[in-house]
Amino acid sequence: MELRIFTEPQQGASYDTLLTVAKATEDLGFDAFFRSDHYLAMGDADGLPGPTDAWITLAGLARETKRIRLGTLVTAATFRLPGPLAIQVAQVDQMSGGRVELGLGSGWFPEEHSAYGIPFPADKFARFEEQLAIITGLWATKPGDTFDFAGEHYQLTNSPALPKPVQNPVPVLIGGHGATRTPRLAAQYATEFNMPFSSIEDSAAQFGRVRAAAEARGRKADDLTYSNALVACVGADDAEVARRAAAIGREVAELKANGLAGSPAEVVDKIGRYAEIGAKRIYLQILDLTDLDHLELISSQVQAQL
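What counts as what
- Residues numbered from 1 in each chain as written.
- Predicted model: local features only at pLDDT ≥ 70, side-chain atom pairs only at ≥ 80, totals over all residues.
- Heavy atoms only, no water.
- Phe/Tyr/Trp six-rings, centres within 6.5 Å; stacked < 30°, edge-to-face > 60°.
- Helix = DSSP H or I, 4+ residues; strand = E, 2+ residues; numbered from the N terminus.
- Buried < 20%, exposed > 50% of the residue type's maximum accessible area, 1.4 Å probe, protein only.
- Pairing = 2+ DSSP bridges.
- Right-handed = clockwise from strand over helix to strand, strands pointing away.
- Salt bridge = Lys/Arg side-chain N within 4 Å of Asp/Glu carboxyl O.
- UniProt positions renumbered as here; feature names shortened; annotations may be inferred.

*Asks:* So, the packing of aromatic side chains: which residues are in play, and what are the values?
*Replies:* Aromatic rings in a pair are described by how distant their centres are and how their planes are angled relative to each other. If you walk through the whole model with that rule in mind, you get seven aromatic pairs. Relative to Tyr283, the ring of Phe34 has its centre 5.0 Å away and its plane inclined at 70°; by these criteria the two rings are edge-to-face. Of this pair, Phe34 sits in strand 2 (residues 32-35) while Tyr283 is found in strand 12 (residues 281-286), placing the two residues 249 residues apart along the sequence. Tyr283 shares its class with Phe34; the two are buried.

Following this line, the structure appears as structure tokens:
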């Protein structure tokens, strides 16, 4: 089981804070540093000092780290045109020496769009599907050839399809709870399928749908990596768990029910139950980015037992 660190910088984090967490992620032996792609804080958070852009952040981290994978969970298709996004991801992949992964989703948070003047179209999923076709098509085009695309929402003509990423292909992550279209797109485009903030039972059902969709498309179901994203709140004792839960404005009982919370032994046991349904990676949502002792505890007492 791989453990990856997943951050939510829109809740309030500077680039320097993210750099500190990314370096701790690398030093403590975690597999990857991922971040959300949002421009507006959620809930009661003030969001200070303000949002950081996902791909600008990852470009900086690409030059400041050496080993960890870097990616988004997930980039909003509503934020960027597909051609420029393909260029951005390819460039950051070059800057990192081939360590980038693209998580891409349709976009969902209307308030952040209106706050920053970003259109929030009604047909988000259709645009998302065209973006997947364009981005992967641009990367797959051989040097010297050109790429064309005639869709309802995007049209590309005689594109040189440059630059190329280091990786061929760049891993693409698709996730979500949709029962029909999401598994179909994952089967067509993804190297990884992620279930965010879901129970073991719901994850098992959705993994089954994706596996069936992959086989229907002629892929082996195990060609995809299956993963979960879950909030983490681990403590050496009950008092430390309670302190960490309070710091992120959550209740211990709710965290234990819906995330990975409690003692290291409790968390290892629950991760094992996700492994039993086929999960190979867990994205640990870390909400208090100042608590580096939390990462050290997870590394030494949870990751060491997996």
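After presenting the structure, the write-up continues.
*Asks:* Quick one: what's the story with unusual backbone geometry, residue by residue and with numbers?
*Replies:* Backbone phi values are negative for most residues with the exception of glycine, while trans is the configuration of most peptide bonds. Here the residue pair Leu48 and Pro49 is connected by a cis peptide bond, since its omega of 10° sits within 30 degrees of zero. The topology assignment puts Pro49 in the loop between strand 2 and helix 2 (54-64). The linkage connecting Leu162 with the following residue, Pro163, adopts the cis geometry, with an omega of 0°. Looking at where Pro163 falls in the secondary structure, it is placed in the loop between strand 7 (155-159) and strand 8 (172-175).

*Asks:* Quick one: what's the story with the pairing of strand 8, residue by residue and with numbers?
*Replies:* Summarising the sheet, strand 5 (residues 100-105) and strand 8 pair through two bridges and their orientation is parallel. Paired with Gly103 across the strands is Leu173, a residue of strand 8. Where strand 8 lies against strand 9 (residues 192-196), three bridges are found, and the strand directions are parallel. Residue pairing for strand 9: Leu173 is matched across the bridge by Glu192. Crossover connection from strand 8 via helix 6 (residues 181-189) to parallel strand 9: handedness right-handed.

*Asks:* Give me the lowdown on the pattern of salt bridges, citing residues and values where you can.
*Replies:* According to the stated counting rule, one finds 18 salt bridges in the structure shown. The shortest N-O distance in the salt bridge between Arg69 and Glu101 comes to 2.8 Å. Here Glu101 lies in strand 5 and Arg69 lies in strand 3 (residues 69-72), a separation of 32 residues in the sequence. One exposure class covers both Arg69 and Glu101, and it is buried. A salt bridge links Asp222 to Arg211, with the shortest nitrogen-to-oxygen separation between them at 2.9 Å. You can see Asp222 sitting in the loop between helix 7 (200-216) and strand 10 (225-234) and its partner Arg211 sitting in helix 7, a full 11 residues away along the chain.

*Asks:* Any chance you could break down the UniProt feature "domain: Luciferase-like" (unreviewed entry) in the chain for me, citing the residues and the numbers?
*Replies:* Within this numbering scheme, the UniProt entry marks residues 7-248 as carrying the feature "domain: Luciferase-like" (unreviewed entry). Its end C-alpha atoms 13 Å apart, residues 7-248 is made of 40% helix and 19% strand.

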